[in-house]
Amino acid sequence: MRAIKKWAIVLVMVIFCGNIEVYANESLINTRAVIGEDDRTIVQDTEIDPYRCIGYLETVFKDGSKIRGTGFLVGDLTVLTVAHNVYKAGTTVSKIMFYPGYNSLKEAADKTPFGSSIGSVVHIQAGYVKAATERERQKYDYAVIELEQPLGKKTGHISLGGYNTAFNEKVIFEKNVVIVGYPTGTNHYMVREKKKAD
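In this report, the structure presented in the accompanying data block is examined. (Residues numbered from 1 in each chain as written. Predicted model: local features only at pLDDT ≥ 70, side-chain atom pairs only at ≥ 80, totals over all residues. Heavy atoms only, no water.)

Thoughts on the overall build of the protein chain
Turning to step 1, where the next piece is worked out: A tally of regular secondary structure across the protein chain gives six helices and nine strands.
Turning to step 2, where the next piece is worked out: Burial statistics for the protein chain: of 198 residues in total, 42% are counted as buried.
Turning to step 3, where the next piece is worked out: In the protein chain, the share of contacts with a sequence separation of at least 24, taken over all contacts with a separation of at least 6, comes to 67%.
Turning to step 4, where the next piece is worked out: Carbon together with sulfur atoms contributes 52% to the accessible area of the protein chain, which is approximately 10700 Å² in total. (Helix = DSSP H or I, 4+ residues; strand = E, 2+ residues; numbered from the N terminus. Buried < 20%, exposed > 50% of the residue type's maximum accessible area, 1.4 Å probe, protein only. Contact = heavy atoms within 4.5 Å. Areas by Shrake-Rupley, 256 points an atom, 1.4 Å probe, with all protein chains shown as cover.)

Right, dumping it as structure tokens:
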């Protein structure tokens, strides 16, 4: 459980990577939008670092619905994502697929340069499932997926480190940040956007 808490800082990146298609309550579909000018650009080469460690995630539920989003390889068999990518109230998961470096610009056979893996185990905080409000749920909106295939051996993975609040908040808010993922409305393209944190 301690390792999961360390990953929480990376969730700032994950939450803002466009993983917003469906929350636990379907009435919240597409409640977020790009504010101001849309500066996102399509990542042309998803086979280079760090893009190769970022993947397209698809969760299929037993009721037939799907949620698509972004996950990050943080170990050979471990993907970090947000809970709303892998949990939906009233149904259970049928299948989770992860595709690192997925590239919609390429022909069908070349879209998955590093292959894919089924997610065999998902870890979600109980607070996410039990939350009474969306605001409360956001505090627990992270998940860890264990893969069947060690895709991180092919791609490498994003390193996670400690977080010093005073230092990192100063650095984050004085620098540009790059947001990468597979957001809603981009036809499954990996996109990136560089913004000044404010």
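Quick word on the environment of G119
Turning to step 1, where the next piece is worked out: Topologically, G119 is positioned in strand β6 (residues 117-124).
Turning to step 2, where the next piece is worked out: Placed 60 residues apart in sequence, G119 and T59 show a C-alpha to C-alpha distance of 9.2 Å.
Turning to step 3, where the next piece is worked out: Every residue in contact with G119, bar those within four places of it in the chain, is listed here: I96, I145, E146 and L147.

Thoughts on the pattern of salt bridges
Turning to step 1, where the next piece is worked out: This model, assessed by the stated rule, comprises six salt bridges.
Turning to step 2, where the next piece is worked out: In this structure, E134 and R137 form a salt bridge, with 3.1 Å as the shortest nitrogen-oxygen distance. Here the residue E134 and the residue R137 both occupy positions in helix α4 (residues 134-138), the gap between them amounting to three residues, near one helical turn. (Salt bridge = Lys/Arg side-chain N within 4 Å of Asp/Glu carboxyl O.)

Regarding the sheet that holds strand β2 (residues 54-61)
Turning to step 1, where the next piece is worked out: If you walk around this closed barrel you meet the six strands as β2-β3-β4-β7-β6-β5, and the pairing is antiparallel. Adjacent strand axes in the sheet meet at a mean angle of 40 degrees when their direction is disregarded. (Pairing = 2+ DSSP bridges. Axes fitted to C-alpha atoms, helices over the stretch in contact; angles between N-to-C directions.)

Here's the deal with the side chain of R137
Turning to step 1, where the next piece is worked out: For R137, a relative accessible area of 12% corresponds to the buried category.
Turning to step 2, where the next piece is worked out: A polar atom in the side chain of R137 sits 3.3 Å from the backbone oxygen of A131. (Polar contact = N/O pair within 3.5 Å; in protein donor to acceptor, adjacent residues only side chain to side chain.)

Thoughts on unusual backbone geometry
Turning to step 1, where the next piece is worked out: A cis amide bond links D49 to the next residue, P50, at an omega of -5 degrees.
Turning to step 2, where the next piece is worked out: Take P50: it is sitting in the loop between β1 (41-42) and β2.
Turning to step 3, where the next piece is worked out: Look at H188: it is not a glycine, yet its phi comes out positive at around 65 degrees.
Turning to step 4, where the next piece is worked out: Relative to the assigned elements, H188 resides in the loop between β8 (176-181) and β9 (191-196).
Turning to step 5, where the next piece is worked out: A residue is classified by how much of its surface remains accessible, and H188, at 32% relative accessible area, is partly exposed.

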